Structures are given as structure tokens and as C-alpha cells.
Amino acid sequence: MTPTAMHRSAGPPTEPPRLRALPDALPGDAELMARSVDDPAEFAPLFDRHAATVHRYLGRRVGELADDLLSEVFLVAFRRRAAYRPEHVEVRPWLLGIATNVVHGHRRTEQRRYRALARAAAEPERHGEDPGEAADRLDAQAMRGPLAAALAGLKPRDRDALLLLAWGQLGYEEIAAVLDVPVGTVRSRLHRARRQTRAALGDVSPFAPTSEEEDR
């Protein structure tokens, strides 16, 4: 049998193998929020994704009370999930905005925390402590004490804007969205807060604007 005959007897070429579809990508935050309106179980992954970030933000502001307030933040978010609008702000900033409002109900706790940190920086060195560890501790206290005192002295609304920027890692527009104020108001609050903290720390501020912020 000739090669040509062999080719003809083989019949039509087989269809190319079908590729298996890859699993769908995990749904985004906005999609999960929308689904959770009808299926509350869809809200659970949002806690898994953002609880650590929210807890860290709360912890810096109210200390150990953050454990209790974290539950309150996500309970409020769950109850308000139908009102969430992704075109207004993303889920992470939205949750940090709720966390900021929850902190408002515990202003005294926050103030006491900052003042306690400020006082702790002035405590004398403990006897029997390793000299190297003592030096590290005192270096940390040198910044922590004045900074904590400066934060305690800020107006609450100025402190909110500053800490959402510095500790929440939000942009100006996101801060404006979660605080429901114009971006210009955010700029004014940040300017006042930075000026006060800079004065308290001897013209050295950990909240100085970045070059990107200055270009906005």
C-alpha cells in the first residue's frame, strides 16, 4: 500500500482535544457583597479577607479593646451590606470607615491609651535590664511618648483623617468617601494634624506627606 493510500484510509482527522475550563476566579469584594444580600453566607469571605487589617487599625487606636470592636465593625457592615455602593468606595476603605465610626463611641478609651503611652515613655529604666535592650526601649519611647501625646491633642475629626491615611493606608479620595466630606476638607484636616504633630515632635513628623501626595 502506497503512502497516499495509507493516508486516505485513515479517514478524516480527529477533532482537537477539548481543553478543560479553569476554575472561575474568586469573586471580588463587591461581588461578594452583592451576593450576600440574598445569601448571607457570602459575607463570610469578606471577614476572612479584611479582619486582620481592620483589627490592626483598631488595635493602634484602642489597644486590647480592638478584639471586641472588630466584631462590632463586621456586625454593622453585615447589617448595612444592602446599602453598600461599590462605585462610591471599595470594601476595605468602607470597613475602615465603619471602624472609625465605631471608635467614636470609645473616644475616652482612645484618649486614655495615648496618654498612657505618653506616660510610659517617661518611666525610669528597669533595674537588671540588659543595656542593649534598655537602649532600644528608650529609643522607641522617645518617639512613642511625644507622638502619643500629639495624637491625644488632635481634634477627633483631624485625628480620624490622619490615622486613616497613615494607619489605614487610604488615599485622599477614599478618606473623603468614608468620612462623607469633600476632598478639600480632608486636605485641610490633614494639614492641621500634621502641623500639630510636627510641632510636638520638634519638626520631625512620621506623617509628612509623600511626594505623590504633594503632586496631587
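Because the structure is a prediction, the values reported are computed rather than measured.

Cut-offs used in this document
- Residue numbers restart at each chain and count upward from 1, following the sequence in its written direction.
- Only residues with pLDDT of at least 70 get local features here, since the model is predicted, and only at 80 or more are side-chain atom pairs given and counted; chain-wide, interface and lining totals rely on the full set of residues.
- Calculation of side-chain values draws on the structure's entire complement of heavy atoms; hydrogens and water are dropped beforehand.
- Definition used in this section: a nonpolar core is a set of buried Ala, Val, Leu, Ile, Met, Phe, Trp, Tyr and Cys residues joined via side-chain atoms within 4.5 Å.
- Buried means the residue's accessible area, taken with a 1.4 Å probe over protein chains only, is under 20% of the maximum for its type, while exposed means over 50%, and partly exposed covers the values in between.
- Helix and strand assignments come from DSSP, with helices taken as H or I runs of at least 4 residues and strands as E runs of at least 2, each series counted from the N terminus.
- The contact definition used throughout considers only heavy atoms, calling two residues in contact when any of these lie within 4.5 Å.
- The salt bridge definition used is simple: a Lys or Arg side-chain nitrogen within 4 Å of an Asp or Glu carboxyl oxygen.
- Angular values range over 0 to 180 degrees, each being the angle between N-to-C directions of two axes fitted as lines to C-alpha atoms, with helices fitted over their stretch in contact.
- Each angle is binned into one of four classes, with values under 35 degrees roughly parallel, values over 145 roughly antiparallel, values of 65 to 115 roughly perpendicular, and all other values oblique.
- Throughout, the ten residues Ala, Val, Leu, Ile, Met, Phe, Trp, Tyr, Cys and Pro are labelled nonpolar, Asp, Glu, Lys and Arg are labelled charged, and all others, Gly among them, are labelled polar.
- Within 6.5 Å between ring centres, the rings of Phe, Tyr and Trp (the latter by its six-membered ring) count as paired, and their orientation is classed by plane angle as stacked under 30 degrees, edge-to-face over 60, tilted in between.
- In our convention, an over-ring charge means Lys NZ or Arg CZ found within 6 Å of a ring centre and within 35 degrees of that ring's normal.
- In this scheme, a crossing is called left-handed if the near helix is turned counterclockwise away from the far one by less than a right angle; it is called right-handed if the turn is clockwise.
- Working rule for helices: expected span equals 1.5 Å times residues minus one.

Asks: Would you mind going over the nonpolar core with me for this structure?
Replies: Buried together is how nonpolar side chains tend to be arranged in soluble globular proteins. Among the nonpolar cores identified, the biggest contains 49 residues, and Val54, Leu58, Val73, Phe74, Trp94, Leu164 and Ile175 are the most heavily contacted of them. Sort the elements by how many residues they give to this core and helix α5 (residues 91-104) lands first, with 8 residues. When neighbours within four sequence positions are excluded, leucine 164 is seen to be in contact with Tyr57, Leu96, Thr100, Gln169, Leu170, Ile175, Val178 and Leu179.

Asks: Teacher, can you tell me more about the pattern of salt bridges here?
Replies: It is possible for side chains bearing opposite charge to pair when their charged atoms get close. A complete count under the given rule lists 9 salt bridges for this structure. The salt bridge involving aspartate 29 is made with arginine 49; its shortest N-O contact spans 2.7 Å. One end of the pair, aspartate 29, is in helix α2 (residues 29-38); the other, arginine 49, is in helix α3 (residues 44-62), and 20 residues separate them in sequence. Since its relative accessible area comes to 35%, arginine 49 is described here as partly exposed. For arginine 35, the salt bridge is made with glutamate 42, and the minimal N-O distance between the two is 3.9 Å. A network of salt bridges, in which partner residues are shared, links Arg61, Arg107, Glu110, Arg159 and Asp160.

Asks: Explain the packing of helix α6 (residues 107-120) against helix α8 (residues 156-166) to me, please; I cannot follow it from the model alone.
Replies: A packed helix pair is summarised by two numbers, namely the angle formed by the two axes and the spacing between the axes. Contact pair α6 / α8: the axes reach a minimum separation of 13 Å and the direction vectors enclose 70°. Relative to α8, the element α6 lies roughly perpendicular. Where α6 abuts α8, its residues Arg107, Glu110, Gln111 and Tyr114 lie against Pro156, Arg159, Asp160 and Leu163. Looking at the contact of α6 with α8, its residues break down into 3 nonpolar, 1 polar and 4 charged.

Asks: Mind showing me how you'd approach unusual backbone geometry here?
Replies: Generally, phi is negative for residues other than glycine and the peptide bonds are trans, each holding for most cases. Its identity as a non-glycine residue notwithstanding, glutamine 169 has a phi of 60°, on the positive side. Note that glutamine 169 resides in the loop between α8 and α9 (172-179). On the accessibility criterion, glutamine 169 (57% relative accessible area) is exposed.

Asks: Is there a simple way to think about the packing of aromatic side chains in this case?
Replies: Any aromatic ring pair is given by two values, namely how distant the centres are and how the planes are angled relative to each other. By the definition in use, this model includes 3 aromatic pairs. Judged by centre distance (5.4 Å) and plane angle (80°), the ring pair of phenylalanine 43 and phenylalanine 78 falls under edge-to-face. Of this pair, phenylalanine 43 sits in the loop between α2 and α3 while phenylalanine 78 sits in helix α4 (residues 66-79); the two residues are 35 residues apart in sequence, bridging distant segments of the chain. Owing to a relative accessible area of 7%, phenylalanine 43 belongs among the buried residues under this scheme. In this arrangement the basic side chain of arginine 81 is found over the ring face of phenylalanine 78, its NZ or CZ atom lying 4.0 Å from the centre.

Asks: Mind showing me how you'd approach the packing of α8 against α9 here?
Replies: Where α8 meets α9, the axes come as close as 10 Å, and the angle between the chain directions of the two elements is 135°. Overall, the two elements α8 and α9 adopt an arrangement that is oblique. In the crossing of α8 with α9, the sense of the turn from one axis to the other is right-handed. Here Ala161, Leu164 and Leu165 of α8 come into contact with α9, specifically with Tyr172, Ile175, Val178 and Leu179.

Asks: So what exactly am I meant to see when it comes to α6 here?
Replies: Because each turn of an α-helix spans 3.6 residues, side chains separated by three or four positions in sequence point in the same direction. Given a rise of 1.5 Å per residue, 14 residues ought to cover 20 Å, and the 20 Å separating the end C-alpha atoms of α6 matches this to within 8%. When we look at burial in α6, the residues that qualify are Arg107, Glu110, Gln111, Tyr114 and Ala120.

Asks: Explain the environment of leucine 163 to me, please; I cannot follow it from the model alone.
Replies: Inspection of the secondary structure assignment puts leucine 163 in helix α8. A sequence separation of 30 residues divides leucine 163 from alanine 193, and the C-alpha atoms of the two residues are 9.8 Å apart. Among all residues touching leucine 163, those that are not within four sequence positions of it are Tyr57, Arg61, Glu110, Tyr114, Leu151 and Gly168.

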